[in-house]
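So you can see what is in the structure, the chains are spelled out below.
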Amino acid sequence: MKKIVLIIGLLLYSFSINAQEEQEKGVFVSDTTWLKEIIKFPLGFAPEIKYEGYEDLRFAKSWRDKDHPDFWCYTFVWHIKGIQKFTAKDLEQQMGFYYDGLMKAVNKKKDFEVPKTTALIINTKGNGYDKADFVGKLNVYDAFNTQKMITLNLLAKVHNCEENNTSNISFRLSPQDFEGNIWEKFKDIELRDDVCED
């Protein structure tokens with residue numbers, strides 16, 4: 001009996017280590033010109049987003065410099081359990097939860113009510129700019145830098161993995177219009193080739 005308990009314990013530990021290593025590796029592949037962060041779901045600042053998995057982020061190095069062209073330029077992917085059927089309405093709501101929660105968490109102004117995020121997202125079914133599945137615009141309060149509202153353009157693409165029952169939805173965001181240089185730079189950040197094998 002002790003042997004069985006020990007074997008089960010070792011197996012659970014092994015699964016836990018493999019999951020942790022996979023999470024630390026992330027889903028994106030990028031070079032060192034991008035800053036990296038990985039956050040596990042549920043997101044502490046947005047618990048209303050009810051996924052299991054993690055968020056893999058890449059930031060342009062000058063994303064906090066309001067005088068740099070790459071200001072507020074970053075991308076992230078949600079690597080989540082289950083095959084998800086995303087709708088534009090769902091994503092609008094989730095972007096509201098995400099940015100409202102994030103900006104409240106970052107805000108340092110006492111007795112200040114952070115303005116609500118507004119989102120307009122349309123489903124382009126993979127025919128949008130740069131073959132995005134969703135295209136949108138967000139008005140977000142910038143608690144990090146300017147303490148003002150900013151407008152972010154958004155492209156989102158879905159990659160479902162039947163093999164390992166996961167969904168990956170990547171978001172690219174920037175104040176630059178879609179003809180700006182950053183959208184070409186974003187193309188250097190790709191999903192790992194083996195994303196459906198983990």
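Everything quoted here is computed from the prediction, not taken from an experiment.

### Things to note about the overall build of the protein
Helix and strand counts for the protein stand at three helices and nine strands. Counting helices and strands in the order they occur from the N terminus, the protein gives α-β-β-β-β-α-β-β-β-β-α-β. Put simply, the protein has 198 residues, and 45% of those count as buried. Across the protein, contacts joining residues at least 24 apart in sequence account for 56% of those joining residues at least 6 apart. Carbon together with sulfur atoms contributes 54% to the accessible area of the protein, which is approximately 11,400 Å² in total.

### With respect to the confidence of the model for the protein
Averaged over all residues, the pLDDT of the protein is 89; the fraction at 70 or higher stands at 87%. In this model, residues 1–22 is a region of pLDDT below 50 whose contacts with residues beyond four sequence positions or in other chains number four contacts.

### Topic: the state of the cysteines
Enumeration over the complete set of coordinates arrives at one disulfide. In this model Cys161 forms its disulfide with Cys196; the gap between the sulfur atoms is 2.0 Å. Around the S-S axis, the bridge from Cys161 to Cys196 shows a dihedral of about -65 degrees and counts as left-handed. Linking Cys161 in strand 7 (residues 149–161) with Cys196 in the segment after strand 9 (190–191), this pair joins segments that are 35 residues apart in sequence. For the pair formed by Cys161 and Cys196, the shared burial category is buried.

### What to know about the pattern of salt bridges
On inspection of all chains with the given rule, the structure shows eight salt bridges. Measuring nitrogen to oxygen at the nearest pair gives 2.2 Å for the salt bridge that ties Arg58 to Asp56. Taken individually, Arg58 and Asp56 each receive the classification buried, so the pair is uniform in this respect. Its salt-bridge partner being Arg172, residue Asp130 comes within 2.8 Å of it at the nearest N-O pair. Remark: Arg172 occurs in strand 8 (residues 166–174) and Asp130 occurs in the loop between strand 5 (118–123) and strand 6 (134–141); sequence separation between them is 42 residues. The class of Arg172 is buried, set by a relative accessible area of 13%. Shared partners join several salt bridges into a network, and the residues in it are Asp130, Arg172, Glu184 and Lys187.

### Quick notes on the pairing of strand 7
As paired elements, strand 6 and strand 7 share eight bridges and run antiparallel to each other. Note on strand 7: the bridge partner recorded for Asn139 is Thr151. Here strand 7 runs beside strand 8; their pairing, made up of nine bridges, is antiparallel. Opposite Ala156, over in strand 8, you have Phe171 as the bridge partner.

### Remarks on the nonpolar core
Counting 56 residues, the largest nonpolar core has Phe76, Trp78, Tyr98, Tyr99 and Phe171 as its most contacted members. Where this core is concerned, the elements lending two or more residues are strand 3 (53–60), strand 4 (74–81), helix 2 (88–106), strand 6, strand 7, strand 8 and helix 3 (182–186). If one sorts the elements of this core by residue count, helix 2 sits on top with eight residues. With sequence-adjacent residues up to four places away left out, Trp78 is seen in contact with Phe41, Ile49, Tyr51, Tyr54, Glu55, Gln94, Met95, Tyr98, Ser167, Asn168, Ile169 and Phe171.

### Section: the pairing of strand 4
By the criterion of burial, strand 4 is predominantly enclosed, with seven of the eight residues buried. In the sheet, strand 4 pairs with strand 8 via eight bridges, with the strands oriented antiparallel. Residue pairing in the sheet places Val77 in a bridge with Ser170 of strand 8.

### Some remarks on the sheet that holds strand 7
Taken in spatial order, the seven strands make up an open sheet running 2-3-4-8-7-6-5, and their pairing is antiparallel. Across the chains shown, the open sheet's two edge strands, defined by having one partner strand only, are strand 2 (34–40) and strand 5. With strand direction ignored, the average angle separating the axes of adjacent strands in the sheet is 20 degrees. Of the strands in this sheet, strand 3, strand 4, strand 5, strand 6, strand 7 and strand 8 are in contact with helix 2, which crosses strand 5 at around 150 degrees.

What counts as what
Residues numbered from 1 in each chain as written. Predicted model: local features only at pLDDT ≥ 70, side-chain atom pairs only at ≥ 80, totals over all residues. Heavy atoms only, no water. Helix = DSSP H or I, 4+ residues; strand = E, 2+ residues; numbered from the N terminus. Buried < 20%, exposed > 50% of the residue type's maximum accessible area, 1.4 Å probe, protein only. Contact = heavy atoms within 4.5 Å. Areas by Shrake-Rupley, 256 points an atom, 1.4 Å probe, with all protein chains shown as cover. pLDDT = per-residue confidence, 0-100. Disulfide = S-S within 2.5 Å. Salt bridge = Lys/Arg side-chain N within 4 Å of Asp/Glu carboxyl O. Pairing = 2+ DSSP bridges. Core = buried A, V, L, I, M, F, W, Y, C linked by side-chain atoms within 4.5 Å. Axes fitted to C-alpha atoms, helices over the stretch in contact; angles between N-to-C directions.

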